[in-house]
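Chain by chain, the residues:
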Amino acid sequence: MTRNILKSAGKISVPQNVGERLDRRNFIAFAIDCGVLRFGSFLTKSGRSSPYFLDAGLFSTGASLGRLAEFYAAAIRASGVAFDMLFGHAYKGIALATATAVALAREGRDVPYAYNRKEAKDHGEGGVVVGAPLAGRVLMIDDVMTAGTAVRESVAIIEAAGAVPAGVAVCLDRMERGTGELSAVQEVERRYGIPVIAIATLDDLVGYLQDAPRHEESLRAIAAYRKQYGVSNHA
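Residues numbered from 1 in each chain as written. Predicted model: local features only at pLDDT ≥ 70, side-chain atom pairs only at ≥ 80, totals over all residues. Heavy atoms only, no water.

This next bit is on the packing of helix H4 (residues 149-160) against helix H5 (residues 184-192). H5 packs onto H4 with a crossing angle of 25° between their chain directions and a minimal axis gap of 10 Å. By the angle class used here, H4 and H5 are roughly parallel. Here H4 runs over H5; the crossing is right-handed. Contact with H4, carried on its side by Val151, Arg152 and Val155, involves Val188, Arg191 and Tyr192 of H5 and no other residues of that element. Of the residues in the contact of H4 with H5, the class split is four nonpolar, no polar and two charged. (Axes fitted to C-alpha atoms, helices over the stretch in contact; angles between N-to-C directions. Helix = DSSP H or I, 4+ residues; strand = E, 2+ residues; numbered from the N terminus. Parallel < 35°, antiparallel > 145°, perpendicular 65-115°, else oblique. Left-handed = near helix turned anticlockwise from the far one by under 90°. Contact = heavy atoms within 4.5 Å. Nonpolar A, V, L, I, M, F, W, Y, C, P; charged D, E, K, R; others polar.)

Here is the structure:
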């Protein structure tokens with residue numbers, strides 16, 4: 001169900017078995033059904049007009065957030081990435097990391113989690129980080145990586161605490177260029193030497209839409225957008 005990314009001697013391995021593909025498809029269907037993955041014209045943080053948009057903040061009920069967390073937990077488990085705790089970047093990452101920690105605990109792995117404040121608190125316990133102390137290998141939880149800003153800020157917080165970034169788990173890898181010729185995911189992987197685990201990718205979305213006739217117009221728009229902003233090599 002996940003794009004399993006493992007770094008070994010600088011090479012990324014991506015297993016592709018039938019079960020994983022089916023689970024990715026289930027996530028795409030789930031996100032569309034929840035109105036979280038939408039089609040039309042949306043302005044992204046990078047200033048691009050995108051024909052599709054995923055807003056994880058719209059997983060706004062207990063049931064939908066709980067189901068999303070199950071997808072995250074399964075993706076993380078399948079990735080094989082070693083980690084000691086979870087971290088969510090304010091604001092969306094807070095709910096995502098919290099729910100994922102609950103999902104992992106239900107599966108038998110109880111791990112600490114933490115998140116940051118936008119502004120440091122100068123009373124009470126004080127500081128920027130809420131929850132468990134940042135320690136060991138920290139897996140970051142995010143929704144969709146566009147420019148990698150949240151990751152950069154999270155890495156700075158984690159390293160300042162003396163902990164080590166272990167990777168990033170996201171809902172969807174858009175597989176499009178970041179600031180240069182690499183995708184935002186590739187930029188993060190190469191800059192920090194950590195894996196990015198995606199529940200699903202643009203390839204999975206395209207595959208789903210190809211089997212859904214009512215989405216023909218969206219599929220054409222995504223193909224045109226991908227031709228303009230997609231990366232030539234996403235391996």
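Next up on the list: the packing of aromatic side chains. Evaluation of the coordinates by the stated rule reveals five aromatic pairs. Measuring from ring centre to ring centre gives 5.2 Å for Phe30 and Phe59, while their planes differ by 15°; the resulting arrangement is stacked. Of this pair, Phe30 sits in helix H1 (residues 18-33) while Phe59 is found in the loop between strand E4 (49-54) and helix H2 (62-79), placing the two residues 29 residues apart along the sequence. The burial state of Phe30 is the same as that of Phe59; both residues are buried. A cation over an aromatic ring shows up here: Arg67 above the ring of Phe71, its NZ or CZ 4.0 Å from the ring centre. We note Arg109 situated over the ring of Phe83; from NZ or CZ to the ring centre the distance is 4.1 Å. (Phe/Tyr/Trp six-rings, centres within 6.5 Å; stacked < 30°, edge-to-face > 60°. Buried < 20%, exposed > 50% of the residue type's maximum accessible area, 1.4 Å probe, protein only. Lys NZ or Arg CZ within 6 Å of the ring centre and 35° of its normal.)

The next point concerns the packing of helix H6 (residues 202-210) against helix H7 (residues 216-229). Helix packing for two helices is described by the angle between their axes and how far apart those axes are. Packing of H6 against H7 leaves a shortest axis separation of 10 Å and a crossing angle of 150°. In terms of axis orientation, H6 runs roughly antiparallel to H7. As H6 runs across H7, the sense of the crossing is left-handed. Along the contact surface, H6 presents Leu202, Asp203, Leu205, Val206, Leu209 and Gln210, while H7 presents Leu219, Ile222 and Arg226. A class-by-class count of the residues in the contact of H6 with H7 yields six nonpolar, one polar and two charged.

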